[in-house]
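Commentary on secondary and tertiary structure
This is what each chain is made of:
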Amino acid sequence: MTGFTRDEDGRLLIDGLDVAELAESYGTPVYLYSGAGFLSHFSQFRQAVAPKDAPYQTKVHYAVKANSALAILSLLAQAGAGADIVSGGEMQRALQAGVAPDHIVFSGVGKSSDEIRAALSAKIGQINAESPAELHLIADIAADMGVIAPVALRVNVNVDPGSHAKISTGQRNTKFGISTDDGEAERLYHWLCAQDSIKPCGLAVHIGSQLTKLAPFETAYQALLELADRLRENGCDVPQLDLGGGLGVDYNCETTPDFDAYGKMVARIFANRGYDLGFEPGRSIAADQGILVVSTLYLKDGADKQFVIVDGAMNDLIRPTLYEAYHKIEPVLMNGDMSQEIKSGQITADIVGPVCETGDYLGQDRQLPSITSGDYIAVRSAGAYGAVMMSNYNTRPEAAEILVLDGTAHVIRPRRTVADLLALETNPFAAS
Ligand SMILES: *Cc1c(COP(=O)(O)O)cnc(C)c1O
């Protein structure tokens, strides 16, 4: 039994293991991941974009920032995933986890010269340049090092992905990519092809995250294809198109991402056009595979609403308050009676943490059965952009991360202690 299921007594299971027992052993708040889930979503994605008879070569680079745990990167690398990285730190992670350097793509608008040097030294597969200044710097550094930098241009095709503003990257007014509207991308690609220290890798696009419709992808991909064809007609080498990530997930946990529909759309646009394709899925691989388990501390009747105060907070999972994101929240133990209670709306409450901010909530106006202090609550779909965004705000140490694989729970990142946090500081003014 893989993924998240319930047994006949209403106990939540992760890959067959009892979530309540894991919470008991490892304490809360705690992130729990399904190893089988990561592997199955990755292989489904790859199947969908690279069916056996695909008329193009494909590479799938898992977007490390969604969930960058070394153990998860190693699992995915062994299953054939490359890595899409956005910092030198993520490069070190990917390399340490065993991702082959030539399966690493470096994205992001603000690579430092140290990061560019490190990427060229490590001989990673591709750097996606996002501005003229960066492109010039890459060319200079490569020339200085006596190497040839593999570079693609990330373009901005001015498409609204229809997602939350903070995770939309496709419009002209965002900091991402080089505009295709005014010929700038075309000019720069010609410049890039003329550099001795650069090997042209093609074009890249990534218009945003949590896209729930295919239409914006399609518009962006058509624009990308148009530009690529024009560049080829003018004699440029455009070997590959990097189609980014962004496929959304169902935060109600009712469906899994429709990789097949996405793959078919890609095939419709790119079949027999002569480009190799790259993909950078993050959320669609990782989100469904994790939950954050918290314990109920108190129930509190506010003046206008009820609060369930739990031991997990915005420092553990910031998505609800940062993006107004919805995560399904449910008791870890939910028997039939409790489901009935929810239907009849037993309590409607905000699930909030101990952090001193009104924005510290995991969910608002949620229907819950009658729960009591000490009950475990699961925050679903927390496998992507969850643990990676943990902070120590309010001097709260990071939660532990546990990955279940083949019936065994592995601690992949131990819970931090307050002593761990304090040891990272220096205090010249301490009383001796
Ligand atoms: C974040 C990011 C991705 C992954 O996006 P998801 O929505 O998690 O699939 C892919 N490519 C680039 C360049 C990114 O910045």
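Cut-off values and rules
Residues numbered from 1 in each chain as written. Predicted model: local features only at pLDDT ≥ 70, side-chain atom pairs only at ≥ 80, totals over all residues. Heavy atoms only, no water. Domains from an automatic or database assignment. Contact = heavy atoms within 4.5 Å. Buried area = accessible area lost by both parts, 1.4 Å probe. Salt bridge = Lys/Arg side-chain N within 4 Å of Asp/Glu carboxyl O. Helix = DSSP H or I, 4+ residues; strand = E, 2+ residues; numbered from the N terminus. Buried < 20%, exposed > 50% of the residue type's maximum accessible area, 1.4 Å probe, protein only. Expected span 1.5 Å × (residues − 1). Phe/Tyr/Trp six-rings, centres within 6.5 Å; stacked < 30°, edge-to-face > 60°. Near = heavy atom within 4 Å. Polar contact = N/O pair within 3.5 Å; in protein donor to acceptor, adjacent residues only side chain to side chain. Nonpolar A, V, L, I, M, F, W, Y, C, P; charged D, E, K, R; others polar.

**Examining the domain arrangement of the protein**
Domains assigned within the protein are domain 1 (4-33 + 287-420) and domain 2 (35-284). Taking only C-alpha atoms, the centre of domain 1 and the centre of domain 2 are 33 Å apart. Of the residues lining the interface, 23 residues belong to domain 1; the matching set on domain 2 comes to 26 residues. Summed over both sides, the interface between domain 1 and domain 2 buries roughly 2200 Å², with carbon and sulfur atoms accounting for 57% of that surface. For the interface between domain 1 and domain 2, the tally reads zero salt bridges. Residue assignment for the side of domain 1 that touches domain 2 shows that the elements contributing at least two residues are α11 (319-323) and β20 (400-405).

**Considerations on the pattern of salt bridges**
Taken as a whole and judged by the stated rule, the model has 19 salt bridges. Across the pair K305 and D350 runs a salt bridge, and its minimum N-O distance is 2.9 Å. On the criterion of sequence distance, the pair formed by K305 in the loop between β14 (290-301) and β15 (306-310) and D350 in strand β17 (residues 347-352) is long-range, its members being 45 residues apart. Using a relative accessible area of 5% as the deciding quantity, one classes D350 as buried. Of the charged contacts, one joins E330 and R380 as a salt bridge, the two residues approaching to 2.8 Å between their closest N and O atoms. One end of the pair, E330, is in strand β16 (residues 329-331); the other, R380, is in the loop between β19 (376-379) and β20, with 50 residues separating them in the sequence. Residue classification places R380 among the buried positions, given a relative accessible area of 12%.

**A look at helix α6 (residues 132-145)**
With 14 residues, α6 extends 20 Å from end C-alpha to end C-alpha; this agrees with the ideal 20 Å at 1.5 Å per step. Turning to α6, its buried residues number three or more, namely E134, L135, I138, A139, I141 and A142. Those residues of α6 that are buried lie in contact with α5 (113-121), β8 (126-129), β9 (149-156), α7 (184-193) and β11 (198-204). Two residues or fewer after α6 comes G146, characterised by a positive phi angle close to 70°.

**What about the packing of aromatic side chains?**
Applying the stated criterion across every chain, the model contains ten aromatic pairs. Each ring, one from Y33 and one from F38, has its centre 6.2 Å from the other, and the planes form 80°; the classification is edge-to-face. No difference in accessibility class separates Y33 from F38, as the two residues are buried. The interplanar angle of 80° and the centroid separation of 5.4 Å between the aromatic rings of F45 and F259 together place this pair among those described as edge-to-face. Taken together, the positions of F45 in helix α2 (residues 35-49) and F259 in helix α9 (residues 259-270) put the pair 214 residues apart, joining distant regions of the chain. Here F259 falls in the buried class, since its relative accessible area comes to 3%.

**Let's talk about the site of the ligand**
Near the ligand lie 14 residues; those nearest to it are K65, S209, E280, R283 and Y385. Here an oxygen atom of the ligand and a side-chain polar atom of K65 are 2.7 Å apart. At 2.5 Å from a nitrogen atom of the ligand is found a side-chain nitrogen or oxygen belonging to E280. Residues belonging to the shell around the ligand are distributed by class as follows: three nonpolar, six polar and five charged.

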